[in-house]
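# Summary of structural features
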Amino acid sequence: LLVLLAGRTVCGREVWPGWRAMAGGTAACLAVIAPWALALIGRLGLPAVFGLLRTEGLERYFASDAHVKPFWFYGPVVLLGFLPWIAPLCLGLVKSIARRRDPEARTAVYAAAGFICSLVFFSLSASKLPNYILPLAPLAALLVTWEFGQELKASRRKSQGPLLLTLSLASFAAILGYAASGDYLYGEYRTIALTGSVIYSLSTLLAVVGLLRS
C-alpha cells in the first residue's frame, strides 16, 4: 500500500481508487491470503492470531527490543544486496526523479518513489533485518532496466550507466581479492571470496570489451 500511495502521488494520479478497482484488488488480496489465514486461525485460534499480528507487526515496528539497528542500517544492505547493479540503480533513481513530469519515465518514477518511501519506512522501524527489504527487489529491477533502456536510446557518448557498472565490477573484484589474500577470512569464507573475485574479474573484462565495442 505504501508503494502504491507513493507511486501514484508522485505520478500525479488519483490516490484513492475507484470502487471497481477496490473490489478487484480486495478480491485478489483475499484469494492470496485467505487460505493461509484460515489455516492459521484453525490451527492457533483467532485470539492467538491477533496476538501474533500485534506482537510481530505493531510492537516489532514501534517498540521492539529485538534486532534493534540504527536508522542507516539498510544503506549497506542495499549496497550489498543489489550487487552488482547498485550503480545503474542509483542513476535510475536520480534520473527518474529528475524526469518525473516526462510521460516516458512514469514507470521509473513510480518505482523510484515506492523504493525510496519503503526504504524510509523500514528504516524507521525499531526492528531491522536484511531480508525485510527483499520485496523492494522488483522495484530496483524496474529502475535498473529503465536506466539501461535510456542508455540504449541515447547517443553512444552517454554511457554513464555501463561505465559505472564496469567500475563497480572492478571494485568488487579488488575488494574480494584483497579480503581473500589477507588474514581477514579463513576456511570456506576465503574460498568464497576468492571465487567471487575471479567471477567479478571475468565480468569486468567482458564489460570492458562491451564498452570498447560501443
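Cut-offs applied
Residues numbered from 1 in each chain as written. Predicted model: local features only at pLDDT ≥ 70, side-chain atom pairs only at ≥ 80, totals over all residues. Heavy atoms only, no water. Helix = DSSP H or I, 4+ residues; strand = E, 2+ residues; numbered from the N terminus. Rg over C-alpha atoms; globule rule 2.2 N^0.38 Å. Buried < 20%, exposed > 50% of the residue type's maximum accessible area, 1.4 Å probe, protein only. Disulfide = S-S within 2.5 Å. Expected span 1.5 Å × (residues − 1). Bend = angle between axes of the 7 residues up to and from the residue. Contact = heavy atoms within 4.5 Å. Phe/Tyr/Trp six-rings, centres within 6.5 Å; stacked < 30°, edge-to-face > 60°. pLDDT = per-residue confidence, 0-100. Polar contact = N/O pair within 3.5 Å; in protein donor to acceptor, adjacent residues only side chain to side chain. Axes fitted to C-alpha atoms, helices over the stretch in contact; angles between N-to-C directions. Nonpolar A, V, L, I, M, F, W, Y, C, P; charged D, E, K, R; others polar.

## Focus on the overall build of the protein chain
When helices and strands are counted, the protein chain shows nine helices and zero strands. Order of helices (α) and strands (β) in the protein chain, N terminus to C terminus: α-α-α-α-α-α-α-α-α. For the protein chain, the C-alpha radius of gyration of 22 Å lies well beyond 17 Å, the compact-globule estimate for 214 residues. Principal-axis analysis of the C-alpha atoms gives the protein chain an extent of 60 × 50 × 30 Å. Residue burial in the protein chain is summarised as follows: out of 214 residues, 31% are buried.

## Looking at the state of the cysteines
A complete count under the given rule lists zero disulfides for this structure. Left without a disulfide partner, Cys 117 is nearest to the cysteine sulfur of Cys 11, which lies 12 Å away. A relative accessible area of 33% means that Cys 117 is categorised as partly exposed.

## Brief notes about helix H3 (residues 46-62)
Compared with an ideal rise of 1.5 Å per residue, which puts 17 residues at 24 Å, H3 spans 23 Å between its outermost C-alpha atoms and is within 8% of the ideal. The axis of H3 is deflected most strongly, by about 30°, at Arg 54. If you check which residues of H3 are buried, you get Val 49, Gly 51, Arg 60 and Tyr 61. Packing partners of the buried residues in H3 comprise helix H2 (19-44) and helix H6 (106-123).

## Let's talk about the side chain of Ser 118
Within the secondary structure, Ser 118 sits in helix H6. Apart from the residues lying within four places of it in its own chain, the contact partners of Ser 118 are Leu 2, Val 3 and Leu 136.

## Looking at the packing of aromatic side chains
Counted under the stated rule, the structure contains eight aromatic pairs. Ring centres of Tyr 61 and Phe 121 lie 4.9 Å apart, and the angle between their planes is 25°; on these two criteria the pair is classed as stacked. One end of the pair, Tyr 61, is in helix H3; the other, Phe 121, is in helix H6, and 60 residues separate them in sequence. Here Tyr 61 falls in the buried class, since its relative accessible area comes to 18%. When the ring of Phe 121 is compared with that of Phe 122, the centres are 5.5 Å apart and the planes differ by 70°; the resulting orientation is edge-to-face. Residue Phe 121 is classed as partly exposed on the basis of its relative accessible area of 38%. Every member of this aromatic cluster is reached through a ring pair, and the members are Tyr 61, Phe 62, Phe 73, Tyr 74, Phe 121 and Phe 122.

## Examining H6
The terminal C-alpha atoms of H6 lie 26 Å apart, and with 18 residues this matches the ideal 26 Å at 1.5 Å per residue to within 8%. Tucked into the core, H6 has its buried residues touching helix H1 (2-10), helix H4 (74-81), helix H5 (86-98) and helix H7 (137-153).

## Concerning the confidence of the model for the protein chain
With 98% of its residues at a pLDDT of at least 70, the protein chain reaches an overall mean of 88. Summarising per-element confidence for the protein chain, the mean pLDDT is lowest in H3 (87) and highest in H6 (93).

## Looking at the environment of Ala 170
Position of Ala 170 among the secondary structure elements: in helix H8 (residues 160-181). According to the relative accessible area criterion, Ala 170 is partly exposed, its value standing at 32%. The sequence separation of Ala 170 and Gly 7 amounts to 163 residues, and the corresponding C-alpha distance is 34 Å.

## Examining the side chain of Ser 96
Relative to the helices and strands, Ser 96 is located in helix H5. Within the local environment of Ser 96, its side chain forms a polar contact with the backbone oxygen of Gly 92, the two atoms lying 2.7 Å apart. In contact with Ser 96, not counting residues within four places along its chain, are Ala 108, Val 109, Ala 112, Leu 143 and Trp 146.

## Focus: the packing of H5 against H8
In contact at an axis separation of 7 Å, H5 and H8 are set at 145° when each is read in the N-to-C sense. The residues of H8 that touch H5, namely those facing Ile 86, Ala 87, Pro 88, Leu 91 and Lys 95, are Gln 160, Gly 161, Leu 164, Leu 165, Ser 168 and Phe 172. By residue class, the composition of the contact of H5 with H8 is seven nonpolar, three polar and one charged.

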